[in-house]
Amino acid sequence: MIALLKRDLALAVRAGGGFGLGVAFFLILCALVPFGVGPETSALRPIAPGILWVGALLSCLLSLDRIFALDHEDGSLDLLATAPIPLEGAVAVKALAHWVTTGLPLIAAAPLFGILLHLPGQAVPWLIASLLIGTPALSMLGAFGAAITVGLRRGGLLLSLLVLPLYIPTLIFGTEIVRRGMEQGSTATPLLFLAGITAGVLALVPFAAAAALRVNLR
Amino acid sequence: MSLLAVHDLAVSRGGLRTVEGVSFTLRGGEALILRGPNGIGKTTLLRTVAGLQPPTEGGVEMAEDAVAYAAHADGLKAALTVTENLRFWSAVFGGGPVGPALAAMDLAALADRPAAALSAGQKRRLGLARLMVTGRPLWVLDEPTVSLDADSVARFASVVRAHLAGGGAALMATHIDLGLDEARVLDLTPYRARPGRAVRPAGFNEAFA
Amino acid sequence: MSIWEYANPVKFMRTSGAILPWAAGAAAICTTGGLLWGFLTPEDYKQGSTVKIVFLHVPAAMMAINIWVMMLAASLIWLIRRHHVSALAAKAAAPVGAVMTLIALATGAVWGQPMWGTWWEWDPRLTSFLILLLFYIGYMALWSAIDDPDSAADLTGVLCLVGSVFAILSRYAVLFWNQGLHQGASLSVAPGERMSAVYRYPLYLTMLGFFLLFLTLLLIRTRTEIRRRRLAALQAREMRA
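Residues numbered from 1 in each chain as written. Chains lettered and ligands numbered in written order. Predicted model: local features only at pLDDT ≥ 70, side-chain atom pairs only at ≥ 80, totals over all residues. Heavy atoms only, no water.

1. Here's the deal with unusual backbone geometry
All names here are of chain B.
Move 1: Of note, Glu143 is a non-glycine position whose phi angle comes to about 45 degrees, a positive value.
Move 2: By the secondary structure assignment, Glu143 is in the loop between strand E6 (138-142) and helix H5 (150-165).
Move 3: We note that Ser147 has phi near 60 degrees; this positive angle belongs to a residue other than glycine.
Move 4: Structurally, Ser147 is set in the loop between E6 and H5. (Helix = DSSP H or I, 4+ residues; strand = E, 2+ residues; numbered from the N terminus.)

Given below as structure tokens:
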């Protein structure tokens, strides 16, 4: 399993663009918003938590179809399915690799982009905390969507259609944490809800994703 | 003790069974070559034995984690070198060192080249070298000699022979004569599934026929 | 004789063919009867004539949720017992459910305009129905994207399962996110909150009518799916022979 994680990370580094592309997309998104709503702090500040979270979510979506598609094309997925590691474990590891290559750079970049959107300083720790807790669920749910659409020729668009509704609870609690952090309110409740959702997703979704993969390998 | 026992196996593709009533056993040191016309279900049968799809009927008995499967796609990553590719699969399967496998398939000189630079035949050889590092006794091979030249076919045959001599077994579908005289041949043509109402339909196409 | 015998396509076709005209007739009588009766009710002292939208809005909203639950049950039956008719019934129900959700949303907008002064409000109930609509769309898109019917049935079944969990999760997350304008349940059992009987009885009738309408559409659509699969099966066998 560690070998699989190492290989996926090595592939992401060598193929290039793996880390950069999502962050670049995130930057463009955050730069576009002020053009749409105006440059005033009073306009940007209230929507900053939402824009940052929606931006992170959409950037995460970009690279989802690569989680399984490449391995399906070159036959690695067949071989992984016959390997001694359970397919559920392989799914979890591949989602983890996606999180490390996509989620972590987004988390690192989010405070910087927060400056662009006039996010007040006291909200930044909550932004980082909410993304740290929430994005693993995004990667895992994305892996589920990727597993369902892996055999399809034009799976990309369908993948977004299937996965985005599943992101709603995470998005709601994630933004709520940042918003309350910004207003210096109590963040404990949404934080617990978000952590609960992530824990549930990480525990259960690998089984659904592995079941979908087995169907697609048939 | 046989490595693989298949009894009364029926497999299906596209919701229709292709062959049915197939039975055979493979002991250590034995090789079995599947023959039959296109579309009879050789690939499907091999995938079923490898555990990639469930049998429609009958059973496949073998020890857990005994199969190494190789098909048309080699499972290679273009961005990794030959050694890295092989080392990865060795680590995943908990198998042996990569050096002897590279030497056996004449890949030692290419060990540090990225897999992207390999020719089709060289990739194929690397894909077959992967079988050796899995350390698994039962090789399930689907058209293993595609894009291999005559020398490489002979080299591959000797690798299979060494595997058999070491107590392994091989089940393969191939149209080329490998020169494996000790291998048995099973022609699937007589087992072609007869259309008709099935008790347990293989899929929608049988359930609604 | 067990209920599972209806999973046999031949038996299902025979039985559903016998039920269909009765279901269709009853649906027509109950729906038109309920709507006409509802139209003749007196105007509400607060809401005026707009209150009559309730006779479309509530039954459609009720069926939108019930149809998803039915799809979940059918998907579970398919995944566990591998009854092919069950998978096709889930497929057949989805567009009906999506249209019911649309009706609920559209009538809600038409009702919300005079009552709350807005066509759309990010109220928990409205938002939940919008999310439900997204799940219906995703489910139908997945069915139409996959060529192999066996894989399609399995994958949509898994999606329906996961989607159900997240639909419920979203429902409560949305409640946390925004407390809304929407009134409480229309048919609450708590005394004092109930609708007056003048409205309640025609509403019951239209709800029954909508249920029968769904049953009729479901039977017709499932029969069509079965025939389509039979055609595909014959073609597949011809190809193979």
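Text resumes after the structure shown.
2. What about the sheet that holds strand E7 (residues 169-173) of chain B?
Residue and element names in this part refer to chain B.
Move 1: The sheet built from 5 strands is open, its strands ordered E5-E6-E7-E3-E8 with parallel pairing. Each end of this open sheet is capped by a strand with a single partner; those strands are strand E5 (67-70) and strand E8 (184-187). For this sheet, the mean angle separating the axes of adjacent strands, direction not counted, is 15 degrees.
Move 2: Sheet topology note: the E6/E7 ladder contains 5 bridges and is parallel. Bridge pairing in E7 places Leu138 opposite Ala169.
Move 3: Across the sheet, helix H1 (residues 42-49) touches strand E3 (31-35), E5, E6 and E7, and the angle it forms with E6 is around 155 degrees.
Move 4: Sitting on the sheet, helix H4 (residues 120-134) touches E5 and E6, and the angle it makes with E5 is about 175 degrees. (Pairing = 2+ DSSP bridges. Axes fitted to C-alpha atoms, helices over the stretch in contact; angles between N-to-C directions. Contact = heavy atoms within 4.5 Å.)

3. Topic: the packing of helix H7 (residues 124-148) of chain A against helix H5 (residues 149-177) of chain C
Move 1: At a minimum axis distance of 11 Å, the contact between H7 of chain A and H5 of chain C shows a crossing angle of 160 degrees. In terms of orientation, H7 of chain A and H5 of chain C fall into the roughly antiparallel class. Along this stretch, H7 of chain A crosses H5 of chain C, giving a crossing that reads as left-handed. Facing Leu141, Phe144 and Ile148 of chain A of H7 of chain A, the residues of H5 of chain C in contact are Leu155, Val158, Leu159, Val162 and Phe166 of chain C. (Parallel < 35°, antiparallel > 145°, perpendicular 65-115°, else oblique. Left-handed = near helix turned anticlockwise from the far one by under 90°.)

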